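If you want the building blocks of each chain, they are given just below.
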Amino acid sequence: MKRVGIIGVGCSRFGVRDDVALQELAFEAVKEAVQDAGVNPADIELSVVGTVGTRNYELMPAVPINEYCGFSGRGPMRVEAACATGSAALYTAYTSISSGMADIAVAIGVEKMTEVDTATSLAVGGRSGNYLFEFHQYGTTFPGYYAMYASAHMARYGTTEKQMAMVAVKNHRNAALNPKAHFQKEISLEKALSSKYVAYPLKLFDCSPISDGAAAAILASEEKIRELGVDNPVWIDGVGYSSDTSNLTKRPDYVGLRTTVEAAAAAYKMAGIDNPVKQLDIAVVHDCFTIAEIMAYEDLRFCSKGEGGKFIENGDSDFGGRIPVNTFGGLKAKGHPLGATGVAMAYEAVKQLREEAGPLQVDLKNYRALTHNIGGTGHFGWVFILRR
Ligand code: COA
């Protein structure tokens, strides 16, 4: 296998983006990534577009996006893995290079979720859990699914609504310093705790918002990186993925995600990581709901099972803590435009590793970062380990 590095990243402003069409939104990120990598779009051999697409008016967007971004003839596909779509795009670009099929490829993640109203978005989301056995029978929604995980975690480990609110407070505080974030303002613990219930025990501030946004990453082989004279590549040292049943009644418990555990184990093995908290400088994790971040601390082995609530309470995932998590605001406050999220995670990790994160910069010791992206309620799981 060839070694693969990320040589350019870009990210659009997240939020309600009714000022642009889907292609224009993608281009916002692609333009920045191409300039960052210092390459000519004509040099890109493969373009992979990740978009869930169920809320976009453009129903088969890969070709229109590639055409608008100047990659005509180089985009054979659109990939989809629910909320982990961006990671699937990144993985497809990665394997095309590691296998020797291409030397330079771009992964584009993009989503316009606000082209439909909240009720439609929630219904479409619920249908993507498991339509036949769950949505069709019970009208499930994603806040509802994760509420089930939150209730089980509270019952088994004594995790509290206050601890979940602390995840929201941290991530909003970080997003307040991120000019690309959907929500750029801090919230108090009281505000989070007094917000309305969406699906008990999850309240408004426990949920990621419905966002539009795009991100792009340009990947290249080691030989290509040398040829281009790129002096600051970020290497992909580890990749892990897994998938689980979409029929939640078949899951043994609701206090963690098997896909995270398995994807992390594979990525850690590939990157030679046995003590993640000691060997990584930052983590970008999938906090679609605050309970998801708490479960991620545990499933990624930052702490023991059941200790996630205490991890946030002790400030272990904050700046200066054991491992800063979601320094750009997470899905919770930066926003969660489904297809864009996984690529935006790579954007954040690369910015941190290149020490370009401005007021959100963490102190680097190991020059290694982790990204963790979940699709559905743990239907898909991806973990990448990046290193400068
Ligand atoms: N967190 C914080 N504030 C939020 C928010 C969120 N998740 N969602 C909306 N808001 C704010 C809006 O900015 C608005 O503020 P304003 O009155 O100051 O302008 C206010 O709350 C009402 O916004 P509105 O768009 O009417 O909210 P809503 O009730 O339509 O939607 C949710 C709220 C929680 C239902 C929606 O954000 C949601 O469905 N989130 C989950 C998305 C999801 O499932 N993603 C997939 C995950 S796997």
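Residues numbered from 1 in each chain as written. Predicted model: local features only at pLDDT ≥ 70, side-chain atom pairs only at ≥ 80, totals over all residues. Heavy atoms only, no water.

The protein goes by Thiolase domain-containing protein in an unreviewed UniProt entry, where it is assigned to Caldiarchaeum subterraneum.

Participant: In this structure, what is going on with the UniProt feature "domain: Thiolase N-terminal" (unreviewed entry) in the protein? I would like to understand it.
Facilitator: UniProt records the feature "domain: Thiolase N-terminal" (unreviewed entry) for residues 15–223 in the present numbering. Regarding residues 15–223, the helix share stands at 46% and the strand share at 15%, and the terminal C-alpha atoms are separated by 38 Å. (UniProt positions renumbered as here; feature names shortened; annotations may be inferred. Helix = DSSP H or I, 4+ residues; strand = E, 2+ residues; numbered from the N terminus.)

Participant: For this particular structure, what's the right way to read the sheet that holds strand β1 (residues 4–11)?
Facilitator: The strands making up a sheet are joined through hydrogen bonds of the backbone, oriented either antiparallel or parallel. A sheet is described by the order of its strands in space; here 9 strands give the open sequence β3-β2-β4-β7-β1-β8-β11-β10-β9, paired in mixed fashion. The open sheet has two free edges, formed respectively by β3 (77–79) and β9 (282–284), since each of these has just one partner strand. This sheet shows a mean twist of 30° between the axes of neighbouring strands, independent of strand direction. Relative to strand β11 (residues 380–387), strand β10 (residues 368–375) runs antiparallel, the two being bridged by 8 bridges. By the bridge assignment for β11, Ile-374 is matched with Gly-381. The sheet strands contacting helix α2 (residues 62–69) are β2 (46–50), β3 and β4 (104–112), and the helix crosses β2 at an angle near 130°. (Pairing = 2+ DSSP bridges. Axes fitted to C-alpha atoms, helices over the stretch in contact; angles between N-to-C directions. Contact = heavy atoms within 4.5 Å.)

Participant: What am I meant to see in the UniProt feature "domain: Thiolase C-terminal" (unreviewed entry) in the protein here?
Facilitator: Here, the residues flagged by UniProt with the feature "domain: Thiolase C-terminal" (unreviewed entry) are residues 240–387. Taken end to end, residues 240–387 has its terminal C-alpha atoms 15 Å apart, with 37% of it in helix and 16% in strand.

Participant: Please clarify how the site of the ligand should be interpreted in this entry.
Facilitator: Around the ligand there are 16 residues in total, and Thr-118, Leu-122, Cys-207, Ser-208 and Lys-332 lie nearest to it. The side chain of Thr-118 places a nitrogen or oxygen atom 2.6 Å from an oxygen atom of the ligand. A distance of 2.8 Å separates a nitrogen atom of the ligand from a polar backbone atom of Cys-207. The protein chains hide 65% of the 910 Å² of surface that the ligand would expose on its own. Residue classes in the shell around the ligand are distributed as 11 nonpolar, 3 polar and 2 charged. (Near = heavy atom within 4 Å. Polar contact = N/O pair within 3.5 Å; in protein donor to acceptor, adjacent residues only side chain to side chain. Areas by Shrake-Rupley, 256 points an atom, 1.4 Å probe, with all protein chains shown as cover. Nonpolar A, V, L, I, M, F, W, Y, C, P; charged D, E, K, R; others polar.)

Participant: Before we go on, may I ask you to explain the packing of helix α6 (residues 161–175) against helix α11 (residues 290–299) in this structure?
Facilitator: A pair of packed helices is captured by two measures, namely the crossing angle of their axes and the spacing between those axes. Where α6 meets α11, the closest approach of the two axes is 8 Å, and the angle between their N-to-C directions is 95°. The orientation of α6 with respect to α11, classified from their angle, is roughly perpendicular. When α6 is examined against α11, the residues Gln-163, Met-164, Val-167, Ala-168, Lys-170 and Asn-171 are found in contact with a partner set consisting of Thr-290, Ile-291, Glu-293, Ile-294 and Tyr-297. When grouped by side-chain class, the residues that make up the contact of α6 with α11 number 6 nonpolar, 3 polar and 2 charged. (Parallel < 35°, antiparallel > 145°, perpendicular 65-115°, else oblique.)

Participant: Can you help me understand the nonpolar core in this one?
Facilitator: Grouped burial of nonpolar side chains is what soluble globular proteins tend to show. Tyr-146, Leu-219, Phe-302 and Leu-370 are the most contacted members of the largest nonpolar core, which totals 88 residues. Residue contributions to this core peak at 9 residues, all from helix α14 (residues 338–353). For Leu-370, the contacting residues outside a window of four places in its chain are Tyr-268, Leu-280, Ile-282, Ala-283, Val-284, Val-285, Leu-300, Phe-302, Val-383, Phe-384 and Ile-385. (Core = buried A, V, L, I, M, F, W, Y, C linked by side-chain atoms within 4.5 Å. Buried < 20%, exposed > 50% of the residue type's maximum accessible area, 1.4 Å probe, protein only.)

Participant: Even after reading the chapter, I still don't get the packing of aromatic side chains, so can you show me in this structure?
Facilitator: The relative placement of two aromatic rings is captured by the distance of their centres and the angle of their planes. Applying the stated criterion across every chain yields a total of 13 aromatic pairs. Between the NZ or CZ atom of Arg-3 and the centre of the ring of Trp-235, over which it lies, the distance is 3.9 Å. (Phe/Tyr/Trp six-rings, centres within 6.5 Å; stacked < 30°, edge-to-face > 60°. Lys NZ or Arg CZ within 6 Å of the ring centre and 35° of its normal.)

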